[in-house]
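# Remarks on the overall topology
These are the residues of each chain, in order.
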Amino acid sequence: MTTIACDGSIMAGDGQVTGGGLVHSLNFVKVHHLDDGRVVGWAGTPFQKKPLLDFLNGVTSEMTMGDDFEALILHPDGKCYCMDGNGNTYEQPTPAAVGSGAPVALAVMSTGLDAIEAVSIARTLDTLTGGEIVALSPLV
C-alpha cells in the first residue's frame with residue numbers, strides 16, 4: 001500500500017506503487033499541494049490521484065474512491081484532517097499516518113522524529129512502503 005505521515009508541519013509519503021505482487025514504480029508522487037495551499041497525501045491506487053485532486057480543488061463536487069482509500073489533509077494552520085473514500089473528513093490529531101506503514105510511522109513520530117524520518121523508517125519495516133520520499137509543508 002503506502003505510508004503517508006503528518007507531524008503537523010510536514011506531510012511525507014513514499015513513492016512505491018505495488019500490484020499483483022510486483023513493484024511498478026518507486027517514484028510515484030502521493031503528496032501534493034492543493035490550489036489553496038493545503039497539502040494532501042493518500043493511501044490508495046495511482047488512479048485515484050486525479051479524482052482526489054479535482055474534488056479537493058473544487059473541480060468536481062462528488063468523490064467515490066471505495067473502502068481501500070484514506071487521505072490526510074494538512075492545513076496551513078497545522079490542523080490535519082482524515083478523509084475517507086466518499087470525501088467525509090474529521091479532524092485528526094497529529095502525529096497522524098495512513099497506509100500499511102502507518103503503525104511504524106506513528107511509533108517513530110511519537111519519539112519526536114518528523115514525518116520524513118517516519119516514512120524513511122517505515123520503508124525499512126513495511127514491504128509495501130518504499131521508493132522516493134516526497135515531503136511538503138502547506139503554503140501560507
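If you're wondering where the values come from, they're calculated on a predicted model, not measured in any experiment.

About the thresholds
Residues numbered from 1 in each chain as written. Predicted model: local features only at pLDDT ≥ 70, side-chain atom pairs only at ≥ 80, totals over all residues. Heavy atoms only, no water. Core = buried A, V, L, I, M, F, W, Y, C linked by side-chain atoms within 4.5 Å. Buried < 20%, exposed > 50% of the residue type's maximum accessible area, 1.4 Å probe, protein only. Helix = DSSP H or I, 4+ residues; strand = E, 2+ residues; numbered from the N terminus. Contact = heavy atoms within 4.5 Å. Pairing = 2+ DSSP bridges. Axes fitted to C-alpha atoms, helices over the stretch in contact; angles between N-to-C directions. Arc of directions from axis to C-beta. Polar contact = N/O pair within 3.5 Å; in protein donor to acceptor, adjacent residues only side chain to side chain.

### Here we look at the nonpolar core
Counting residues in each nonpolar core, the largest one holds 13 residues, and the members touching the most others are Val40, Leu52, Leu56, Met63, Phe69, Ala71 and Met83. When residues of this core are traced back to their parent elements, those giving at least two are β6 (39–43), α1 (49–56) and β7 (70–74). For this core, the element with the most residues is α1, which contributes 4 residues. Aside from chain neighbours lying at most four places away, what touches Leu56 is Leu34, Arg38, Val40, Ile73 and Met83. Residues Met11, Val39, Leu72 and Cys82 belong to the second largest nonpolar core, which totals 12 residues.

### Things to note about the sheet that holds strand β2 (residues 11–13)
An order of β10-β1-β2-β11 is seen for the 4 strands of this open sheet, with the pairing classed as antiparallel. Both edges of this open sheet fall to β10 (96–99) and β11 (134–136), since each of them pairs with a single strand only. Within the sheet, the average angular offset between the axes of one strand and its neighbour, ignoring direction, is 10°. Where strand β1 (residues 3–6) and β2 come together, 3 bridges link them in antiparallel fashion. Bridged to Ile4 within β2 is Gly13. Contacting β1 and β10, helix α2 (residues 102–110) runs over the sheet at an angle of about 160° to β10.

### Section: helix α3 (residues 115–125)
Listed as buried for α3 are Ala115, Ala118, Val119 and Ala122. Projection of α3 onto a plane perpendicular to its axis shows the buried side chains occupying an angular sector of 95°, all on one side. Each element contacted by the buried residues of α3 is listed here: β1, β2 and α2. Sitting at the amino-terminal end of α3 is Asp114, which places a side-chain oxygen 3.1 Å from the backbone nitrogen of Ile116.

### Some details on unusual backbone geometry
For the bond from Thr94 to Pro95, the omega torsion is 5°, close enough to zero to count as cis. The residue Pro95 is located in the loop between β9 (89–91) and β10 in this model.

### What about the sheet that holds β7?
Taken in spatial order, the 5 strands make up an open sheet running β5-β6-β7-β8-β9, and their pairing is antiparallel. Every other strand in the sheet has two partners, leaving β5 (31–33) and β9 as the edge strands with one partner each. Across the sheet, the mean angle from the axis of one strand to that of its neighbour is 25°, orientation sign disregarded. Pairing between β6 and β7: 5 bridges, direction antiparallel. Opposite Val39, over in β7, you have Leu74 as the bridge partner.

All quantities given are derived from atomic positions and should not be read as evidence of function.
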